[in-house]
Amino acid sequence: MHLVLLGPPGAGKGTQAVDLAKETGLVHVATGDMFRENVRGGTELGVLAKQYMDKGELVPDEVTIAMLLERLSRDDAQTGSMLDGFPRTLEQAIALDKALEERGQRVDRVLLIEVSPDEVQRRLGGRWTCPTDGAIYHETNKPPAVAGKCDDCGRALIQRDDDKPEAIARRLTVYNEQTAPLIGYYTEAGKLTSVNGEQSPDAVRADLLNALKEVA
Ligand code: AMP
């Protein structure tokens, strides 16, 4: 079973995807995490991706699609995957459909976590990250025990370049222009289920699991 988790930046896709992957036994494939690993490792792909990520732009389709398809070709993704952050453009969605079709598979269900633009702005604006372990805190939703310091290692928290106000605004525009059209694409294919993302993480999780029960 291949599942796609869709939603604006800050919808909580990452957290939910990790849980859902555990629950379903599907491998969690997050293109944002893959790019960040490459950035940390200083690979050629990382250097290229960083230029786009820092500005809140999408990494070009050609590069992103190649990276994702290579990931899906590995053993642990042969029978399914939990896709988080991919596809983000129509071209990516079409490439995914084509690649899965060649394997006799398909995207089985797309789960949309709906969050209003105002709420997205609020959530992303207060996000701080530990430079050591990548732990994410939030000024109001999940403050660290000591202001500005990581709970685990005590290092000063930083604001990721893509969490800065200009980049947030750009990420939202990019989502509306390039990713939101996928809602129509997957609705027409009869694959979309929406859940209300403006509830507690546990309630969102319960709704997502409920939606999955309907997938044969
Ligand atoms: P995320 O952690 O999913 O928000 O991704 C972080 C950044 O990685 C995004 O803002 C993009 O610059 C890049 N990225 C992740 N997934 C994709 C994708 N499917 N297509 C293009 N760029 C992506």
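Okay, so let's go over this structure. (Residues numbered from 1 in each chain as written. Predicted model: local features only at pLDDT ≥ 70, side-chain atom pairs only at ≥ 80, totals over all residues. Heavy atoms only, no water.)

**Description of the side chain of Lys13**
Defined as follows: By the criteria applied, helices consist of DSSP H or I runs no shorter than four residues and strands consist of E runs no shorter than two, each listed in order from the N terminus. For every residue, the accessible area obtained with a 1.4 Å probe (protein chains only) is divided by the maximum for its type, and the residue is called buried under 20%, exposed over 50%, and partly exposed between those limits. By the counting scheme adopted, Arg and Lys are positive, Glu and Asp are negative, and His together with the chain ends is not counted. For this analysis, a salt bridge means a side-chain nitrogen from Lys or Arg found within 4 Å of a carboxyl oxygen belonging to Asp or Glu. Whenever a nitrogen or oxygen atom comes within 3.5 Å of another N or O atom, the pair is scored as a polar contact, on the condition that within protein one atom can donate a hydrogen and the other can accept it, and that pairs from neighbouring residues in sequence are kept only if both atoms are in side chains. Residue contacts are defined here by distance: any two heavy atoms, one from each residue, within 4.5 Å place the two residues in contact.
When you line up the elements, Lys13 lands in helix α1 (residues 13-24). Buried within the structure, Lys13 lacks any salt-bridge partner; its nearest side chain of opposite charge belongs to Asp84, at an N-O separation of 5.3 Å. In terms of polar contacts, Lys13 uses its side chain to reach the backbone carbonyl oxygen of Pro8, at 3.5 Å. Aside from chain neighbours lying at most four places away, what touches Lys13 is Leu5, Leu6, Gly7, Pro8, Asp84, Gly85 and Ile113.

**Brief notes about the packing of aromatic side chains**
Heads up, the condition is: The pairing test for Phe, Tyr and Trp rings, Trp by its six-membered ring, is centres within 6.5 Å, and the orientation test on the planes gives stacked under 30 degrees, edge-to-face over 60, and tilted for anything in between. A ring is considered to have a charge above it if a Lys NZ or an Arg CZ atom is located within 6 Å of its centre and within 35 degrees of its normal.
The tally for this structure, following the rule as stated, stands at 1 aromatic pair. For the pair Tyr185 and Tyr186, a centre-to-centre distance of 5.1 Å together with 75° between the ring planes defines the contact as edge-to-face. A relative accessible area of 26% means that Tyr185 is categorised as partly exposed. By relative accessible area, which is 1% here, Tyr186 ends up buried. Geometry around Tyr137 places Lys142 over its ring, the cationic atom sitting 5.1 Å from the centre.

**Description of the site of the ligand**
The following threshold applies: When we say a residue is near a molecule or strand, we mean one of its heavy atoms is within 4 Å of it. Only the protein chains shown count as cover for residues, and the accessible areas themselves come from Shrake-Rupley with a 1.4 Å probe. Note on residue categories: nonpolar means Ala, Val, Leu, Ile, Met, Phe, Trp, Tyr, Cys or Pro, charged means Asp, Glu, Lys or Arg, and polar means any other residue, Gly included.
Around the ligand, 14 residues are found, and the nearest of them are Thr31, Arg36, Glu57, Gly85 and Gln92. Gly85 is positioned such that a nitrogen or oxygen atom in its backbone is 2.9 Å from a nitrogen atom of the ligand. The separation between a nitrogen atom of the ligand and a polar side-chain atom of Gln92 is 2.9 Å. For the ligand, the accessible surface in isolation is 470 Å², of which the surrounding protein chains cover 93%. Looking at the shell around the ligand, the element that brings in the most residues is helix α2 (residues 31-41), giving 4 residues. Grouping the amino acids of the shell around the ligand by side-chain chemistry returns 5 nonpolar, 5 polar and 4 charged.

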